[in-house]
Amino acid sequence: MRLNIRGFIDEVKSITYRQTADFGTVLNKRTKPSSVGRTFRLTIFNRTDLNFLDKYKFNWGVNSMKFLGTLYLGIIVLFYSSEDSLLEQIKANGELLVVTRYGLTTYYDGPNGKAGLEYEFAKRFAEELGVRLHLDVTNNLTDILSQVTNHQVHFAAAGLTISKPRQSLVRFGPHYQSVTQQIVYRRGFPKPPSRLADFTANHYLNVASGGNQIDILKALRRDYPQLTWKEQSDAEPSELLQQVWEKEIQYTLVDSNEVAQKRRFQPELQIALELSEQRHLAWAFPRYGTDNSLYIAAIQFFNRLQQSGDLEQLIERYYGHIDDAKDFDYVNIRVFIRRIEERLPKYQESFEMMAKRYDLDWRLLAAIGYQESKWNPKAVSGTGVRGLMMLTQSTAREMGVKNRNDAFQSIQGGTKYFFALKKRIPREIQEPDKTWFALAAYNVGLGHVRDARKLTEQLGGNRNRWVDVKKHLPKLTQPRWYKQTRHGYARGHEPVQFVKNVRRFYDILVIGEQ
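Residues numbered from 1 in each chain as written. Predicted model: local features only at pLDDT ≥ 70, side-chain atom pairs only at ≥ 80, totals over all residues. Heavy atoms only, no water.

Draft legend 1. Just the pattern of salt bridges, in detail. Using the criterion set out here, one finds 23 salt bridges in the structure. A salt bridge links Glu316 to Arg503; the shortest N-O distance between them is 2.8 Å. Of this pair, Glu316 sits in helix α12 (residues 310-319) while Arg503 sits in helix α22 (residues 493-513), placing them 187 residues apart in sequence. The exposure classification of Glu316 matches that of Arg503, with both residues buried. Several salt bridges share partner residues, and in doing so they unite Arg101, Glu236 and Glu258 into one network. (Salt bridge = Lys/Arg side-chain N within 4 Å of Asp/Glu carboxyl O. Helix = DSSP H or I, 4+ residues; strand = E, 2+ residues; numbered from the N terminus. Buried < 20%, exposed > 50% of the residue type's maximum accessible area, 1.4 Å probe, protein only.)

Next comes the structure, spelled out in structure tokens:
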């Protein structure tokens, strides 16, 4: 991905009241226009710095948002003050009005309350401002943009993709996630062509009215005039995917993050074609008006998220355990869903009983049990661990388990062991990372997890964040690294995959209940 630095600079320039002819001159002035009673201070680096940034290429991934700190610290430092600015009005009223949409990529009801990446961002922003977050939830994309342009809300946090037509209506903040467009069909149904050139009028695509997919298709039609599509005004992306899964429609075109979230629970959703161009998600603010205080505060907010590592951590929380399209395992997910019906009912009561005793989520215990044994109480590994929760002989003895092949005793012992591990995770590690660390310890041992945390810190990462530690656990297979540790060699890839799988199975159990 190539970052459009110049486009962002133009956005910055649009909020200034006065410019100099030579953009290479450093501005460090106070300006007070006669028409409004606002003052601000603007500092911009010289042309050499901007040219350097413009030539720099950024790749979306673990460090995808590092450009935010560079932009904020290198391009613009603003100090904005006004008694009647929008930001001050929001703080005085004590409420931030945000429009979003319901869905797994944005905002939904999770097992522990409200959840979703957009919700997490908006909630943290409101907390920083010291105000309440008021969400207006709608699934109509056209309505979302309308609320922003008509100043009915302060901004939209709705997983909106940046596009030129939308930029004529709203002003986008810094982007925080990248997506592609994917054509989706249902497994078992006729697959659409693998090339756009082979599409005919019979391969029409269903898209959401007001979605950026319409702009994309209009642009593609110049090269592929045979492309046809149908807009659905009463459907948002996840609903279109649901319609494909329920065989109501054949094909849809949606953002890749929507597909990744949905197909975990409906693995029959298949990707026929991916449009290669990446597009970026961002908050949308009203484009017109002279008050930019809230917009500036949002830029600074995302900069702080990036600098602190919270941005990467939040994205990992919602996407770190989801397989990429190329790694998606249909058979694995389909077998798990089938065994929820066939095997889980035999053991659910035991999971619920132990979860209540130790104040845990029974679905997490069930996910551990499935990852360990596929809910098979007679399972045995080549290393001697056995039973539904796959306990070693020493662990079983320590937990008071006399018969590892007894399903109830195994669940009881496994739960007690997991609870004990979680209590030994340092207090400074917050949830849900505390749970992820305990899961890793269940798989590889607490000593090796401690070694990985120390190694993470030595290499400049945050030892208290799973998103950082999981990068370094695999190093425990390499002599160069494990010789520096107390507990030595470990199959460090396994706990990373173990945690990922348990999180994925847990999500399916939770969403399946809902």
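Picking up where we left off.
Draft legend 2. Structural context of the nonpolar core. Residues Phe351, Ile368, Trp375, Phe418, Leu439 and Tyr442 are the most contacted members of the largest nonpolar core, which totals 59 residues. For this core, the secondary-structure elements that each account for two or more residues are α13 (330-342), α14 (344-358), α15 (362-373), α17 (407-423), α18 (433-444), α19 (446-458), α20 (466-472) and α22. Apart from the residues lying within four places of it in its own chain, the contact partners of Ile368 are Met389, Phe418, Leu439, Tyr442, Phe498 and Val502. One finds Tyr108, Leu117, Tyr119 and Trp283 within the second-largest nonpolar core, a separate group that totals 37 residues. (Core = buried A, V, L, I, M, F, W, Y, C linked by side-chain atoms within 4.5 Å. Contact = heavy atoms within 4.5 Å.)

Draft legend 3. Region of the structure containing empty space enclosed by the protein. Under the definition given, this model contains 5 cavities of 30 Å³ or more. For the largest cavity, the full set of lining residues is Arg101, Leu141, Gly159, Leu160, Thr161, Arg166, Gly211, Asn212, Gln213, Pro237, Asp255 and Glu258. Mapped onto the lining of the largest cavity, the elements with two or more residues apiece are β8 (155-161) and α8 (212-220). When residues of the lining of the largest cavity are assigned to their parent elements, the largest contribution, 3 residues, is made by β8. (1 Å grid on protein atoms, 1.4 Å probe; cavity = no way out; pocket = protein on both sides within 12 Å on 5 of 7 lines; lining within 4 Å. Points joined across faces, edges and corners; volume = space filled by probe spheres on them.)

Draft legend 4. Focus on the packing of aromatic side chains. Tallied over the entire structure, the rule returns 24 aromatic pairs. Both rings, one in Tyr102 and one in Tyr107, keep their centres 6.0 Å apart while their planes meet at 90°; by these two values the pair is edge-to-face. For Tyr102, a relative accessible area of 37% translates into the label partly exposed. By relative accessible area, Tyr107 is classed as buried at 10%. Seen from the ring of Tyr295, Arg171 lies directly overhead, with NZ or CZ sitting 4.0 Å from the centre. Its end group placed over the ring of Tyr370, Lys374 keeps NZ or CZ at 5.3 Å from the ring centre. (Phe/Tyr/Trp six-rings, centres within 6.5 Å; stacked < 30°, edge-to-face > 60°. Lys NZ or Arg CZ within 6 Å of the ring centre and 35° of its normal.)

Draft legend 5. Quick look at the packing of α14 against α17. One way to put it is that α14 packs onto α17 with a least axis distance of 10 Å and a crossing angle of 30°. Between α14 and α17, the angle falls in the class roughly parallel. Our pair here, α14 against α17, has a crossing hand that is right-handed. Facing Tyr347, Ser350, Phe351, Met353, Met354, Arg357 and Tyr358 of α14, the residues of α17 in contact are Ala407, Phe408, Ile411, Gln412, Thr415, Lys416 and Phe419. Along the lines of polarity and charge, the residues of the contact of α14 with α17 split into 9 nonpolar, 3 polar and 2 charged. (Axes fitted to C-alpha atoms, helices over the stretch in contact; angles between N-to-C directions. Parallel < 35°, antiparallel > 145°, perpendicular 65-115°, else oblique. Left-handed = near helix turned anticlockwise from the far one by under 90°. Nonpolar A, V, L, I, M, F, W, Y, C, P; charged D, E, K, R; others polar.)

Draft legend 6. Looking closely at the pairing of strand β4 (residues 95-100). Looking at chain direction, β4 and strand β7 (residues 132-137) are connected through 6 bridges and run parallel. Counterpart to Leu97 in the pairing with β7 is His134. Here β4 runs beside β8; their pairing, made up of 2 bridges, is parallel. Directly across from Val98, in β8, lies its bridge partner Phe155. (Pairing = 2+ DSSP bridges.)

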